[in-house]
Every structure is written in C-alpha cells, then in structure tokens.
Amino acid sequence: MNKRQLLQSFLAASALSFGLSPALAQSPTPIKFQLDWRFEGPAALFLHPAAKGYFKAAGLDVSIDAGNGSGGTVTRVASGAYDMGFADLAALMEFHANNPDSPNKPVAVMMVYNNTPASVMALKKSGITKPADLAGKKLGAPVFDAGRRAFPIFAKANNIGPVNWTAMDPTLRETMLMRGDIDAITGFTFTSLLNLEARGAKAADIVVLPYPDYGVKLYGNVIIASPKLIKENPEAVKKFLSAFAKGAKEVVANPAVAIESVKARDGIIDSKLETRRLQLAIDTVINSADARAEGFGTVNAGRMSLMASQVSDAFGTKTRVSPDAVWTASLLPPAAELNILSKK
C-alpha cells in the first residue's frame, strides 16, 4: 500500500469514527449534466432525484442545465464542456458516423425513451388523417427537429410521396400550423400537442400520427456520457445511473409530486400543464409496451442494429453507424434497480 492509499484509508477510517459514510468522507465527484431541452415536465426525471438528494447521497455533485436540442447536447458532451447529458439516440448516432475521427465521441449508457416521441401532427380541417395524406403537403419543423430528420424513415415505412418542407424557429412551429402557413408539423408529441392546445386548438381537432404506431420503432432519448468519464471514473457513471433510476421510479409513480422539482428550477412554469406533459411522456415513451417488454434502461440488439442502419441511410452519414460504438450496457444498475415500470 502506497502513501496515497494509506492516507485515503486513514481519512475513511476517521470519517467512519465520526459517524460519516465513506461517500460523504470524500469530496463529491462533480458531474456537469445537460438536458436536451428546457425545464419542462420530462426534466423531472433528472431534477427530482437531484432535489431529493439521491445524487448527493451517492457521492456526486451533479449540476443540471437546460438544453436547446439533442444535437447541441451531444456536441457539448463531445467537447468536454459537459460530462453527461440527455439526448436523442439518432442525434448521437449521426455525430458518431459524421465524426469518425473525433477522440471524444459520447456513448449512450442508459435507455430512457424506449420509443421515439416524434410524430406528425396536423389539424383535422387539413384533411390529413393518415400518413399517405401527407404527400404533396407543406410540412414544417426546425431543421434539427428529430421528427424531421427521421421523416425519410417514416415516409419509406408508409409509402409517402414527396413533401415540401418549411423551416422555422421552434417557438413558431405550432403558431404557423394554427395560422395555416403549413399543413402539418413534426415534433415530440408531448411538446407540440400541448403547445397546440395552448394556442387554442381543441384536442379533438388535432390529428396525431406517432412514428412508433406507423412502423418506425426508433429508440428515443438516452443518457450519454463522455468516454473520458467512462474510462477515468466508471463508478461515478454507475452511481449516477443508480440514483437516476431510484428517482425515475418515483417520477413514474407520482408525476404530480415530481413536477415540484421542475417548478423549483423554473418558477414560471404551469405546473398543471407540465404534469400533463410529463404524464404523456411516461405513457408514450417511458412506460410503453415496448419498454415493458425489453425492460427499462436497456435495448434490444436487433432493434438497435436496425435503427443504426436506418439512421445511416436517412441521415446520409459519412460512415455507417456502428451500434457497438454508440451504446454500452456495462454501467447499468442491477435488474432489480431498473424495475421501475408499472404493469398495465
């Protein structure tokens, strides 16, 4: 045993003599974490375990920042500005395949959205009721929108003819649909559906075509980590995922209580609206039939390989996506800790 190890043992023993746990006896490991989007309902998945002190109890000092899109989150983790993040798996795959020589390509370490939240949404007055009706129509979405990027996969699966795209800022997407500037939009269902309602649309007047319901079984958002963190401190990643799973189980069980942690970070949110958004996310992409069949947190190898091929083709990447390079299950908590979904 060298001097450093002797010192660490002495400090741990001293801490225990004062009734402190080893995790608290050492300085907490700092982890900078970036979300994929703003502090809305689904952010409770991370803000709740932070507010409950689960990360702290695991010996981690986790700071959570809002994001502005999955692509940005992947890039910032790759740059080293953040240690971990929450991002769409397709965006991570695209980064890998377009930056084959990048020394710090983030890796997905836990599946959270077992199904993509992407869908096409239109107003019934447009006459759009099924995917085939989209041919020749004017669709709108930001250029980086996950649903827009993956639309070629949706179109191929449903034999949709050519469409015309209009790009806009995310804040204008639903407004332009309501004004009739475009015929349909792509977006995350739990985001755009509620945004349309907030702009005066009635739920009965909105047509929603979820990608998973129409033959597109893409995975959605994953927790990603930098390879540097995985290599230098894999235990920190394991502790993060364990604490996250503990908190996520409580979020799934009681969204209304969990939303209070989001309200604490952004006092101007509408708690009732964001609770609905969180519940919609739980029902459609977290506690979905596919998630219950595969198990929370993990992936099906065949489905992952198919998605890698589909993303390579639809996104026109420089190289083919390698499923083994973008995903690892080696840091996941034990199965018992991942048993967070309710039976339906």
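Just above, that's the structure.
Residues numbered from 1 in each chain as written. Predicted model: local features only at pLDDT ≥ 70, side-chain atom pairs only at ≥ 80, totals over all residues. Heavy atoms only, no water.

Peer 1: I'd love a proper account of the overall build of the protein, names of residues and values included.
Peer 2: Each helix and strand counted, the protein has 17 helices and ten strands in total. If you line up the protein on its principal axes, its C-alpha atoms span 75 × 45 × 35 Å. Counting over 344 residues, the protein shows a buried share of 51%. Nonlocal contacts in the protein, meaning residues at least 24 apart in sequence, comprise 80% of its contacts between residues at least 6 apart. Approximately 15,400 Å² of the protein is accessible, and the part contributed by carbon and sulfur atoms is 54%. Taken as two groups, the 38 positive and 30 negative side-chain charges of the protein have centres that lie 1 Å from each other. (Helix = DSSP H or I, 4+ residues; strand = E, 2+ residues; numbered from the N terminus. Buried < 20%, exposed > 50% of the residue type's maximum accessible area, 1.4 Å probe, protein only. Contact = heavy atoms within 4.5 Å. Areas by Shrake-Rupley, 256 points an atom, 1.4 Å probe, with all protein chains shown as cover. Lys, Arg positive; Asp, Glu negative; His and termini not counted. Charge placed at Lys NZ, Arg CZ, Asp CG, Glu CD.)

Peer 1: Outline the environment of Leu-341, supporting the account with residue identities and numerical values.
Peer 2: Along the chain, Leu-341 turns up in the segment after α17 (323-326). The buried category is assigned to Leu-341, whose relative accessible area is 12%. Residues Leu-341 and Ala-329 lie twelve residues apart in sequence; the distance between their C-alpha atoms is 19 Å. Look past the residues within four positions of Leu-341 in its chain and what remains in contact with it is Ile-286, Asn-287, Ala-291, Arg-292 and Phe-296.

Peer 1: Any details on the packing of aromatic side chains? Residues and values, ideally.
Peer 2: Applying the stated rule across the entire model yields twelve aromatic pairs. Aromatic pair Phe-33 and Phe-240: ring centres 5.3 Å apart, planes at 20°, arrangement stacked. With Phe-33 in strand β1 (residues 29-34) and Phe-240 in helix α12 (residues 234-253), this residue pair connects regions lying 207 residues apart in the sequence. Pairing Phe-154 with Tyr-211 gives two aromatic rings, centres 4.5 Å apart and planes at 10°, and the pair type is stacked. Taken together, the positions of Phe-154 in helix α8 (residues 151-157) and Tyr-211 in the loop between β9 (206-210) and β10 (221-225) put the pair 57 residues apart, joining distant regions of the chain. Phe-154 gets classed as buried once you look at its relative accessible area, which sits at 0%. An aromatic cluster of three or more residues is present, and its members are Phe-33, Phe-46, Phe-55, Phe-86, Tyr-113, Phe-188, Phe-190, Phe-240 and Phe-244. (Phe/Tyr/Trp six-rings, centres within 6.5 Å; stacked < 30°, edge-to-face > 60°.)

Peer 1: Please give an account of the side chain of His-48 that cites residues and values.
Peer 2: Tracing the chain through its elements places His-48 in helix α3 (residues 44-51). Side-chain polar atoms of His-48 contact the side chain of Glu-250, separated by 2.7 Å. For His-48, the residues in contact, after removing those within four places along its chain, are Gly-247, Glu-250, Val-251, Ala-258 and Ser-261. (Polar contact = N/O pair within 3.5 Å; in protein donor to acceptor, adjacent residues only side chain to side chain.)

Peer 1: Hey, could you go over the side chain of Thr-317 for me, with residue numbers and the actual values?
Peer 2: Mapped onto the secondary structure, Thr-317 falls in the loop between α16 (301-315) and α17. In this structure the side chain of Thr-317 is engaged in a polar contact, spanning 2.6 Å, whose partner is the backbone oxygen of Thr-319. Setting aside chain neighbours within four positions, we find Thr-317 in contact with Glu-94, Ala-97, Asn-98, Val-311 and Ser-312.

Peer 1: Please set out the packing of α3 against α12 residue by residue, giving values where relevant.
Peer 2: At a minimum axis distance of 8 Å, the contact between α3 and α12 shows a crossing angle of 105°. Relative to α12, α3 is oriented roughly perpendicular. Seen from α3, the contacting residues are Ala-44, Leu-45, Phe-46, His-48 and Pro-49; seen from α12, they are Phe-240, Ala-243, Phe-244, Gly-247, Ala-248, Glu-250 and Val-251. Residue composition of the contact of α3 with α12, grouped by class: nine nonpolar, two polar and one charged. (Axes fitted to C-alpha atoms, helices over the stretch in contact; angles between N-to-C directions. Parallel < 35°, antiparallel > 145°, perpendicular 65-115°, else oblique. Nonpolar A, V, L, I, M, F, W, Y, C, P; charged D, E, K, R; others polar.)

Peer 1: Pulling in residues and values, what's your account of helix α6 (residues 89-98)?
Peer 2: Burial analysis of α6 places nine of its ten residues in the buried class, the great majority of the element. All buried positions along α6 are accounted for by Leu-89, Ala-90, Ala-91, Leu-92, Met-93, Glu-94, Phe-95, His-96 and Ala-97.

Peer 1: Quick rundown of the pairing of β9? Include the residues and the values.
Peer 2: In terms of burial, β9 is largely enclosed, as four of its five residues are buried. As paired elements, strand β5 (residues 118-123) and β9 share five bridges and run antiparallel to each other. Bridged to Ala-122 within β9 is Val-207. (Pairing = 2+ DSSP bridges.)

Peer 1: Which residues make up the environment of Ala-141, and what values go with them?
Peer 2: Checked against the element boundaries, Ala-141 lands in the loop between β6 (138-140) and α7 (146-149). If sequence neighbours within four positions are ignored, Ala-141 has contacts with Arg-148, Trp-165, Thr-166, Ala-167, Met-168, Arg-173 and Thr-186.

Peer 1: Which residues make up the sheet that holds β9, and what values do they have?
Peer 2: What the five strands build is an open sheet, ordered β7-β6-β8-β5-β9; its pairing is mixed. Because the sheet does not close on itself, it has two edges, and the strands there are β7 (164-166) and β9. Between one strand and the next, the sheet's axes are offset by a mean angle of 30°, whatever the strand orientation. Two strands pair when backbone bridges link them, and β5 and strand β8 (residues 184-188) are joined in this way by five bridges, in the antiparallel orientation. Counted as the bridge partner of Met-121 is Ile-185 from β8. Against the sheet, helix α10 (residues 189-198) makes contact with β5, β8 and β9, and its axis sits at roughly 125° relative to β8, the strand it touches most.

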